[in-house]
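Architecture and fold: a report
Chain by chain, the residues run as shown.
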Amino acid sequence: MQRWIALAVVLLLLAAGGGYYARRIYYENSPAPMWVPIEIKANRPPEEVDRVVKELKAKLSEDQVLEKVVQDLNLAKTWNLSGEMPAVAELRKRLFVKVGEMDNPLGKVPAIHVGVRGKSKERDLSGKIAIRLMEDVSRILGMKPRATN
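Residues numbered from 1 in each chain as written. Predicted model: local features only at pLDDT ≥ 70, side-chain atom pairs only at ≥ 80, totals over all residues. Heavy atoms only, no water.

Here's the deal with the sheet that holds strand β3 (residues 107–116)
- Reading across the sheet, the 3 strands line up as β1-β3-β2 and stay open at both edges, with antiparallel pairing between neighbours. Two strands in the sheet have a free side with no partner beyond their single neighbour: β1 (34–39) and β2 (95–104). For this sheet, the mean angle separating the axes of adjacent strands, direction not counted, is 35 degrees.
- Strand direction decides the pairing type here: β2 and β3, joined by 10 bridges, are antiparallel. (Pairing = 2+ DSSP bridges. Helix = DSSP H or I, 4+ residues; strand = E, 2+ residues; numbered from the N terminus. Axes fitted to C-alpha atoms, helices over the stretch in contact; angles between N-to-C directions.)

Here it is as structure tokens:
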């Protein structure tokens with residue numbers, strides 16, 4: 001009888017360990033997009049906002065802009081890719097510019113979200129990419145660059 005109890009305890013521990021490992025892997029690979037919001041005035045016509053979003057997406061997707069981001073953050077090495085052009089293609093695939101909302105002391109206000117799609121385990125890198133993209137967004141839109149800490 002003691003053998004069966006010992007076997008049951010061992011199997012229970014293995015099942016618990018496997019469950020913990022599976023849960024950790026699942027959450028590490030779950031989607032976690034990171035973005036930086038740009039506040040827009042509420043009285044802007046939606047057509048103008050859509051036009052700005054399309055232009056911004058097109059300009060951010062240019063090879064020169066993405067190559068500079070890849071070089072600055074050394075993404076080819078981080079993502080274990082063979083060179084800069086595959087890293088540029090991967091970054092282009094992950095990049096998004098969309099209309100959304102952001103919290104403001106006065107409530108929710110419309111905003112343009114500029115960021116990248118990534119996994120939970122890449123959250124820090126995705127945040128760095130989003131912040132680095134804001135330098136180019138500031139240049140494209142003619143805004144003053146944000147102060148980063």
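Details of the environment of Lys119
- Mapping Lys119 onto the fold places it in the loop between β3 and α6 (123–141).
- On the basis of relative accessible area, Lys119 is assigned to the partly exposed category, the value being 34%.
- The sequence separation of Lys119 and Glu28 amounts to 91 residues, and the corresponding C-alpha distance is 6.6 Å.
- Non-local contacts of Lys119, meaning those with residues more than four positions away in its chain, are made with Glu28, Asn29, Ser30 and Ala32. (Buried < 20%, exposed > 50% of the residue type's maximum accessible area, 1.4 Å probe, protein only. Contact = heavy atoms within 4.5 Å.)

Section: the nonpolar core
- Counting residues in each nonpolar core, the largest one holds 28 residues, and the members touching the most others are Leu60, Leu75, Leu91, Ile112, Val114, Ile129 and Leu133.
- Put simply, the parts of the chain that give this core at least two residues each are β1, α2 (46–60), α3 (63–73), α4 (75–78), α5 (84–94), β2, β3 and α6.
- Top contributing element to this core by residue count: α6, with 6 residues.
- In contact with Leu60, other than residues within four places in its own chain, are Val65, Leu66, Leu95, Val97, Val114, Leu133, Asp136, Val137 and Ile140. (Core = buried A, V, L, I, M, F, W, Y, C linked by side-chain atoms within 4.5 Å.)

Focus: the packing of aromatic side chains
- Summed over all chains, the structure comprises 2 aromatic pairs.
- Note on Tyr26 and Tyr27: the rings are 5.2 Å apart at their centroids and 75 degrees apart in plane angle, and the pair reads as edge-to-face.
- In this structure Tyr26 comes out as exposed when scored by relative accessible area, which is 56%.
- Judged by centre distance (6.4 Å) and plane angle (65 degrees), the ring pair of Trp35 and Phe96 falls under edge-to-face. Placement of the pair is Trp35 in strand β1 and Phe96 in strand β2, with a sequence separation of 61 residues.
- On the basis of relative accessible area, Phe96 is assigned to the buried category, the value being 5%.
- Directly above the ring of Trp35 sits Lys98, whose terminal nitrogen or CZ lies 5.8 Å from the centroid.
- Between Lys98 and the ring centre of Phe96, over which it is positioned, the NZ or CZ distance is 5.2 Å. (Phe/Tyr/Trp six-rings, centres within 6.5 Å; stacked < 30°, edge-to-face > 60°. Lys NZ or Arg CZ within 6 Å of the ring centre and 35° of its normal.)

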